[in-house]
Amino acid sequence: MPLDIPPPVDAVVVTAARLPAPLADAAFSIARVDGEDLARASRVDEAITATPGVSLFRRTSSLSANPTTQGVSLRGIAPSGAGRALVLLDGVPLNDPFGGWVIWSQLAPSAVSGADIVRGAGAGPYGAGALTGVISLRERDAGGAFELARAQRGEVDASGDGVVKLGQAQVYGALSFQDSDGYTPVRGPARGAADTKTSLTTRSASVRVDAPTGLGTLSVRASTFDDKRGAGLAGANANASGDILSATLVQAPRGRRPGWRLQVWRQSSDLFNSSVAVAANRASTTPANSQDRTPAVGEGANLAIRLQSGALQWEVGADARRNKGEERERFRYLNGAYNSQRTAGGETSVAGVYVDGAWQAGTWLVAGGLRADHWESRGGYRVERSLITGALLLNETPADRQGDLMSFRLGARKTLEGGATLRAAAYSGFRPPTLNELHRPFRVGNDVTESNPSLKPEALKGLELGFGRDGATGRGEVTVFWNRIEDAIANVTIGVGPGTFPRAGFIPAGGVLRQRLNISAIEAVGVEGQARREVAGVVLRAAFAVTDARVVGAGLAPQLEGKRPAQAPIWSATAGLTAPLAAKLSLDMDVTYEGKRFEDDLNSRILSPAAKIDARLEWRPTPHARIYLAADNLLDKNVEVSRTVDGIAGLDAPRTVRLGIGYSY
């Protein structure tokens, strides 16, 4: 009697629910950060910003940066606290729903298996917010890692993450903790009793379940974080917290069968941020304002359908996002107490549809995408009351606004002999203003910046030409580009203290009053390049970016004509190596240089050029275990990150030596 033998079944391999990277991306400028680069870094943002032209608003990393300055921008065109790049984790935006910045401490480096940095305005599946590009992070979906490190100034870093198989499903979990006594930004003779340490305590946790279903792979993820910081001035502190929930259902394309992704997510965040006024002799501080709460919620959904038909791959989709939040703040500190309170906020939304495609035949790849988006800013309000009498001091309800925008991208890549490629691209994109820019004024030291509920979206258009070459022992690429941001949002100086101004109130001596305005345009011309080569087992790497960005046709701010945007250096470069010193011992070393920046829009406060060396010695007693000794800012250089109107410079972290152990599987 014949045996009943079941037909063979394909093995089920479960990973996080994500579509493969679109073929179209290869026609544009992409820098990739792999898992090894991330594992060597102390923080995710440090690994990302090691690519020249990728920067946070200031030179400081998430070790000490205020949450509101951790927005990321690409190509150094015009860094911004809100950020001009879209940051995604497996398709879910990490940009804060109220301010647009990214709390990088919510992710341990080992939890991220890789990152694709797509330079140039986003179109196609990327949409609003990808003004200067997209940073697409991928969370680990195999193996695991644990790390414990101790550094100078009481710093402790601990993280662990890993995947557990449960039948055909898998569960991924991650925990991280960091604590630091910090360092004092103002050092030397200028330091006063008002100058304190930038302390840090941050915690994060996440869990993700990946499971096959009849419709495809389903990933459900939940994460939470809490980040507490001392700002380096007595009485100035910040606390950011938040949660993200997401569900993603993916059916990968196979042959002529379309693939698709359906994703929904919800992000909540809150921020406490207190600022102070500093006495002229830096002997003391006085409370200036207390941003007690900033509850905000972001919600979104996206749908993508992808089909491969011969040499043509195309994708159509739709996405929508909505952000709602407010800030609750006390200000005007007089006679030992806050005299006024403010509540301000509103709602923004954007929804769009797109088509994106790529055609590959022989040595040619041609790609293009077109988007149509509708944006709205509505329900805005700003109410100020006296805490002494309860009297209404200000009651503003700006008009709702809306508009429609088209954006595109078009690129072509030609493969030449010897592994060389030549490519060209043109693109456009836009970024709506954040709730923070629209509705919340803020103070740093004695400088005050007013909000502006009438801000319009920024729009970028650009061109680029690139040449690259891949060989058996290395690769290199160089790109020249031109970008123009129209209606650029900038903090524009409109008054100098001492004096009393409408809405802003009193500005002390040594302080300035700025307001967020749409200036006419910022134009940038630049060249960027990167190279990697292996010689006798030693991996050599180098990268550079030269970006000359200028304000043109200043419009509402003629005083800015021809000036460089604040915090935008012209020159930046890195060079490094990874060298085996013995069978189980290796050395990593990186040298970073950046030209001068300007602290302010008027280019009157100069931040000196900065260079530093980071080094790491690693011993691997087994293929899975490692022990390392690392030194950030090895030569203990003074790296200027801020400067007051009276010339007092704030500095980045001094030399920091770190000893750590890790295990990965």
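Higher on the page you've got the structure.
What counts and how
- Residues numbered from 1 in each chain as written.
- Predicted model: local features only at pLDDT ≥ 70, side-chain atom pairs only at ≥ 80, totals over all residues.
- Heavy atoms only, no water.
- Helix = DSSP H or I, 4+ residues; strand = E, 2+ residues; numbered from the N terminus.
- Rg over C-alpha atoms; globule rule 2.2 N^0.38 Å.
- Buried < 20%, exposed > 50% of the residue type's maximum accessible area, 1.4 Å probe, protein only.
- Contact = heavy atoms within 4.5 Å.
- Areas by Shrake-Rupley, 256 points an atom, 1.4 Å probe, with all protein chains shown as cover.
- Lys, Arg positive; Asp, Glu negative; His and termini not counted.
- Charge placed at Lys NZ, Arg CZ, Asp CG, Glu CD.
- Salt bridge = Lys/Arg side-chain N within 4 Å of Asp/Glu carboxyl O.
- Patch = residues over 30% accessible without salt bridge, like charges linked within 9 Å, V, L, I, M, F, W, Y side chains within 5 Å.
- Pairing = 2+ DSSP bridges.
- 1 Å grid on protein atoms, 1.4 Å probe; cavity = no way out; pocket = protein on both sides within 12 Å on 5 of 7 lines; lining within 4 Å.
- Points joined across faces, edges and corners; volume = space filled by probe spheres on them.
- Phe/Tyr/Trp six-rings, centres within 6.5 Å; stacked < 30°, edge-to-face > 60°.
- Core = buried A, V, L, I, M, F, W, Y, C linked by side-chain atoms within 4.5 Å.

Considerations on the overall build of the protein
- Counting its secondary structure elements, the protein contains 3 helices and 39 strands.
- Scaling as 2.2 N^0.38, a compact globule of 665 residues should have a C-alpha radius of gyration of about 26 Å, and the protein matches this with 25 Å.
- Overall size of the protein, expressed as C-alpha extent along the three principal axes, is 100 × 55 × 50 Å.
- Per-residue burial over the protein gives 55% buried out of 665 residues.
- Counted over contacts in the protein with a minimum sequence separation of 6, partners at least 24 positions apart contribute 65%.
- Accessible surface, the protein as shown: approximately 27,000 Å² in total, 62% of it carbon and sulfur.
- Charge centroids of the protein, computed over 75 positive and 68 negative side chains, lie 1 Å from each other.

Things to note about the pattern of salt bridges
- Under the defined criterion, the tally for this structure stands at 63 salt bridges.
- One salt bridge in this structure joins Arg-43 and Glu-155, with 3.8 Å as the shortest N-O distance. Here Glu-155 lies in strand β9 (residues 155-166) and Arg-43 lies in the loop between α1 (35-40) and α2 (44-48), a separation of 112 residues in the sequence. Comparing Arg-43 with Glu-155, the two get one shared label, buried.
- For Lys-461, the salt bridge goes to Glu-486, with nearest N and O atoms at 3.5 Å. With Lys-461 in strand β25 (residues 458-470) and Glu-486 in strand β26 (residues 474-496), the pair connects residues that are 25 residues apart, well separated along the chain.
- For Lys-461, a relative accessible area of 39% translates into the label partly exposed.
- A single network of salt bridges, built from pairs that share partners, joins Glu-327, Glu-329, Arg-342, Arg-382, Glu-384, Arg-440 and Glu-450.

Quick look at a nonpolar patch on the surface
- Residues Leu-148, Leu-581, Leu-617, Trp-619, Ile-627, Leu-629, Val-657, Leu-659 and Ile-661 make up a contiguous nonpolar surface patch of about 780 Å² in total accessible area.
- Breaking the nonpolar patch down by element, the ones donating at least two residues are β35 (610-619), β36 (625-632) and β39 (656-664).
- With 3 residues, the top contributor of residues to the nonpolar patch is β39.
- Along the chain, Leu-617 turns up in strand β35.

Here's the deal with the pairing of β35
- As paired elements, strand β32 (residues 585-594) and β35 share 10 bridges and run antiparallel to each other. Each bridged residue has a counterpart across the sheet, and for Thr-592 the counterpart in β35 is Lys-612.
- Pairing analysis gives 5 bridges linking β35 to β36, with the strands arranged antiparallel. Each bridged residue has a counterpart across the sheet, and for Trp-619 the counterpart in β36 is Ile-627.
- Linking β35 to β36, which pair antiparallel, is a turn of 5 residues.

Overview of the side chain of Asn-436
- Structurally, the position occupied by Asn-436 is in helix α3 (residues 435-439).
- Look at Asn-436 and you get buried, because its relative accessible area is 9%.
- Each residue touching Asn-436, except ones within four places of it in the same chain, is listed here: Phe-98, Gly-99, Trp-101 and Arg-516.

Considerations on the pairing of β25
- By the bridge criterion, 12 bridges tie strand β22 (residues 420-431) to β25 in an arrangement that is antiparallel. Looking at β25, one finds that Leu-422 is bridged to Phe-467.
- With 12 bridges connecting them, β25 and β26 associate as antiparallel partners. Counterpart to Leu-460 in the pairing with β26 is Ile-485.
- Counting the residues that bridge the hairpin from β25 to β26 gives 3 residues.

Considerations on the environment of Phe-28
- Its location among the elements puts Phe-28 in the segment before β1 (30-34).
- A sequence separation of 264 residues divides Phe-28 from Asp-292, and the C-alpha atoms of the two residues are 43 Å apart.

Re empty space enclosed by the protein
- Counting across every chain of the model gives 12 cavities of 30 Å³ or more.
- Roughly 400 Å³ of volume is contained in the largest cavity.
- Taken together, 26 residues make up the lining of the largest cavity; nearest its centre are Asn-95, Arg-321, Asn-323, Pro-432 and Thr-434.
- When contributions to the lining of the largest cavity are tallied by element, the ones reaching two or more residues are β14 (259-278), β17 (312-334) and β18 (337-361).

Things to note about the packing of aromatic side chains
- One pass over the structure, following the stated rule, counts 2 aromatic pairs.
- Each ring, one from Phe-146 and one from Tyr-665, has its centre 6.4 Å from the other, and the planes form 20°; the classification is stacked. Residue Phe-146 is found in strand β8 (residues 144-151), and its partner Tyr-665 is found in the segment after β39; the two are separated by 519 residues along the sequence.
- By relative accessible area, Phe-146 is classed as partly exposed at 44%.
- Exposure remark for Tyr-665: the relative accessible area of 44% places this residue in the partly exposed category.

Points about the nonpolar core
- Within the largest apolar cluster, 26 residues are counted, with the highest numbers of intra-cluster contacts made by Ile-48, Val-72, Val-87, Leu-94, Ile-117, Ile-135 and Leu-137.
- Counting only elements with at least two residues in this core, the list comes to β1, α2, β2 (54-56), β3 (72-74), β4 (86-89), β6 (112-119) and β7 (133-139).
- The residues touching Leu-94, leaving out its near neighbours within four places in the chain, are Val-87, Leu-89, Trp-101, Val-102, Gln-106, Leu-107, Leu-137, Ile-244 and Gln-267.
- Ranked by size, the runner-up nonpolar core spans 25 residues in total, among them Ala-24, Leu-131, Ala-367 and Ala-557.

Here we look at the sheet that holds β4
- The strand order across the open sheet built from 5 strands is β1-β6-β7-β4-β5, with neighbouring strands paired in mixed fashion. Each having just a single partner strand, β1 and β5 (92-93) make up the two edges of the open sheet.
- As paired strands, β4 and β5 are joined by 2 bridges and run antiparallel to one another. Paired with Leu-88 across the two strands is Pro-93, which belongs to β5.

Here we look at unusual backbone geometry
- Located in the positive-phi region is Asn-335, a residue other than glycine, with phi close to 55°.
- Counting through the fold element by element, Asn-335 comes out in the loop between β17 and β18.

Quick word on the environment of Val-657
- If you trace the backbone, Val-657 turns up in strand β39.
- Overall, Val-657 belongs to the partly exposed group, its relative accessible area being 32%.
- As a C-alpha pair, Val-657 and Ala-151 span 506 residues in sequence and 5.6 Å in three-dimensional space.
- Ignoring anything within four residues of it in the chain, the contact list for Val-657 reads Arg-150, Ala-151, Gln-152, Leu-629, Ala-630 and Ala-631.

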